[in-house]
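# A structural walkthrough
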Amino acid sequence: MGSLDGPHPLSAKLQLRLPIRLARQLNIEGGDLFYWRVSDDLPGALQLLPAEVVERRYSTGERLEALDHEVATELPIRDEPGS
């Protein structure tokens, strides 16, 4: 985990300002889309996830699920010879 930077104030409109140094380090630009979630590992911690990362993970999961269904298709039962 990186070093702490802050504290930074939350505006009256509940907005946060991302320091330019951090934005540059993470290649974040104005207009980029993000998802927020409360961390499962660190109670009380908020995670900021770039939309492209979330979409990539979900599309990978969907592709794997499709492959799983394709492989898991039941084969027809054939009569054994002589029965």
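Residues take numbers from 1 onward in each chain, read along the sequence in its written order. Restriction of local features to residues with pLDDT of at least 70 applies here, the model being predicted, together with a cutoff of 80 or more for giving and counting side-chain atom pairs; totals for whole chains, interfaces and linings are based on all residues. Here the side-chain values reflect all heavy atoms present in the structure, with hydrogen atoms and water set aside.

### Observations concerning the overall build of the chain
How we decide: In this description a helix means any DSSP run of H or I spanning at least four residues, a strand means any run of E spanning at least two, and both kinds are numbered starting from the N terminus. A 1.4 Å probe rolled over the protein chains alone gives each residue an accessible area, and that area as a share of the maximum for its type sets the label: buried under 20%, exposed over 50%, partly exposed in between. Any two residues whose heavy atoms approach within 4.5 Å are treated as being in contact. Here the Shrake-Rupley method, with its probe set to 1.4 Å, supplies the accessible areas, and only the displayed protein chains count as covering residues.
Looking only at helices and strands, one finds two helices and two strands in the chain. Across the chain, helices and strands are ordered from the amino to the carboxyl terminus as α-β-β-α. Per-residue burial over the chain gives 8% buried out of 83 residues. Counted over contacts in the chain with a minimum sequence separation of 6, partners at least 24 positions apart contribute 3%. Accessible area for the chain stands at about 8,400 Å²; split by element, carbon and sulfur atoms hold 56% of it.

### Brief notes about the pattern of salt bridges
Between side chains of opposite charge, pairing is possible as soon as their charged atoms come close. For the record, the criterion: The rule for a salt bridge is simple: a side-chain nitrogen of Lys or Arg has to be within 4 Å of a carboxyl oxygen of Asp or Glu.
In the structure shown here, the tally under the stated rule is two salt bridges. In this structure, Asp5 and Arg21 form a salt bridge, with 2.1 Å as the shortest nitrogen-oxygen distance. Note that Asp5 is positioned in the segment before helix H1 (20-25) and Arg21 in helix H1, a separation of 16 residues in sequence. Put simply, Arg56 and Glu52 hold a salt bridge, and the shortest N to O gap is 4.0 Å. In this pair, Arg56 and Glu52 both sit in helix H2 (residues 51-71), four residues apart, roughly one turn of the helix.

### Thoughts on a nonpolar patch on the surface
Worth spelling out the cut-off: Every patch collects residues that have over 30% relative accessible area and no salt bridge, joining them within 9 Å if they carry like charges and within 5 Å if they are nonpolar side chains (Val, Leu, Ile, Met, Phe, Trp, Tyr).
A contiguous nonpolar surface patch, about 770 Å² in accessible area, is contributed by Leu10, Leu14, Leu16, Trp36, Val38, Leu46 and Leu48. Classification of Leu10 as partly exposed rests on a relative accessible area of 48%.

### Remarks on unusual backbone geometry
The linkage connecting Gly6 with the following residue, Pro7, adopts the cis geometry, with an omega of 10 degrees. Residue placement: Pro7 occurs in the segment before H1. Positive phi outside glycine occurs at Asn27, with the angle close to 55 degrees. Position of Asn27 relative to the elements: it lies in the loop between H1 and strand S1 (34-38). By relative accessible area, which is 66% here, Asn27 ends up exposed.

### Focus: the side chain of Ser39
Mapped onto the fold, Ser39 is located in the loop between S1 and strand S2 (46-50). According to the relative accessible area criterion, Ser39 is buried, its value standing at 7%.

### Some details on the environment of Ser39
For the record, the criterion: Think of a polar contact as two N or O atoms within 3.5 Å of one another; within protein, one of them needs to be a possible hydrogen donor and the other a possible acceptor, and neighboring residues in sequence only count if both atoms come from side chains.
In this view, Ser39 contacts Ala45 and Gln47; residues no more than four positions away in its chain are not counted. Side-chain polar atoms of Ser39 contact the backbone nitrogen of Leu42, separated by 2.9 Å.

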